[in-house]
Amino acid sequence: MRRNFASALSISAVLLAGLTLSACPILPTSSSGITPTSDAHPSDTPSNPWANRVGELDLAPWQVEPCEGTAPFLCVYNQQNLVGTVEFQSWPLDNRTDLQTYLSEAGLNQGAIDLNDPAQQSQIVRALHGLVSEYYSSIEEDLSTGSDAVTFEAEPPGALTVGSLPGLRYGF
């Protein structure tokens, strides 16, 4: 069985809130702890972090709504059919020494980053490329130690825009 996984890193998300968005296929209950099925519907439960972050969007034929329950998942629908989820993950930049290293190697001082400066945006995207490369390497290493034969095929990171800021989309 071939399963794809894609993620997006945004410079605003990583730097302002320590946020990483992970887009993933529909997961079975046993592996995710949630039940995103075709019967899933939005939740008004404030403990789902998406509940207060998703406003009214006109994306027809797509819809996005916080998934039912307390898990940090946003349900993505196409023509009323659930096609996947986006997971909200958050880590303070102070805890991300790997990203701090890549920002420093790109010539940035983490205390003096201006997200509106195009030159610094370019440097941040360079740091995100390093982070993605490290992530790919760690996955390859983990897969090589397993007993099952698994082929890892990384997608090259691609440019995307999150709001008005550049970011990366990556997957495997």
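What you are looking at is a predicted structure, and each value in this text was computed from that prediction instead of being measured. (Residues numbered from 1 in each chain as written. Predicted model: local features only at pLDDT ≥ 70, side-chain atom pairs only at ≥ 80, totals over all residues. Heavy atoms only, no water.)

**Student:** I'm lost on the overall build of the protein in this one. Help?
**Tutor:** Looking only at helices and strands, the protein features four helices and seven strands. Listing every helix and strand of the protein by position from the N terminus yields β-α-β-α-β-β-β-α-α-β-β. Of all 172 residues assigned to the protein, the portion counted as buried reaches 37%. Once local pairs closer than 6 in sequence are excluded, the contacts in the protein between residues at least 24 apart make up 51%. Element-wise, carbon and sulfur atoms account for 50% of the exposed surface of the protein, whose accessible area totals about 10,100 Å². (Helix = DSSP H or I, 4+ residues; strand = E, 2+ residues; numbered from the N terminus. Buried < 20%, exposed > 50% of the residue type's maximum accessible area, 1.4 Å probe, protein only. Contact = heavy atoms within 4.5 Å. Areas by Shrake-Rupley, 256 points an atom, 1.4 Å probe, with all protein chains shown as cover.)

**Student:** Where do I start with the packing of aromatic side chains in this structure?
**Tutor:** Pairs of aromatic rings are described using the distance from one ring centre to the other and the angle between the two planes. Within this structure, the stated rule accounts for four aromatic pairs. Ring geometry for Tyr-135 and Tyr-170: centres 5.9 Å apart, planes at 80°, overall edge-to-face. Residue Tyr-135 is located in helix α4 (residues 118-144), and its partner Tyr-170 is located in strand β7 (residues 165-171); the two are separated by 35 residues in the primary sequence. The class of Tyr-135 is partly exposed, set by a relative accessible area of 32%. Ring centres 5.4 Å apart and planes at 40° place the aromatic pair Phe-152 and Phe-172 in the tilted group. With Phe-152 in the loop between α4 and β6 (155-162) and Phe-172 in the segment after β7, this residue pair connects regions lying 20 residues apart in the sequence. Assessed through its relative accessible area of 22%, Phe-172 is described here as partly exposed. Chaining the aromatic ring pairs together yields one cluster made of Tyr-135, Tyr-136, Phe-152, Tyr-170 and Phe-172. (Phe/Tyr/Trp six-rings, centres within 6.5 Å; stacked < 30°, edge-to-face > 60°.)

**Student:** Help me out: how do you make sense of the pattern of salt bridges in this one?
**Tutor:** Any two side chains of opposite charge can pair, on the condition that their charged atoms come close. Using the criterion set out here, one finds two salt bridges in the structure. Salt-bridge contacts for Arg-96 lead to Asp-98; the nearest nitrogen and oxygen are separated by 3.0 Å. Arg-169 is the partner of Glu-155 in a salt bridge, and the nearest nitrogen-oxygen pair spans 2.8 Å. On the criterion of sequence distance, the pair formed by Glu-155 in strand β6 and Arg-169 in strand β7 is long-range, its members being 14 residues apart. (Salt bridge = Lys/Arg side-chain N within 4 Å of Asp/Glu carboxyl O.)

**Student:** Would you mind showing me how to read a nonpolar patch on the surface here?
**Tutor:** A surface patch of nonpolar side chains, about 260 Å² in accessible area, is lined by Leu-59, Trp-62 and Val-83. Inspection of the secondary structure assignment puts Leu-59 in the loop between α2 (29-32) and β3 (62-66). Leu-59 gets classed as partly exposed once you look at its relative accessible area, which sits at 37%. (Patch = residues over 30% accessible without salt bridge, like charges linked within 9 Å, V, L, I, M, F, W, Y side chains within 5 Å.)

Limitation: the analysis is restricted to geometry and does not speak to function.
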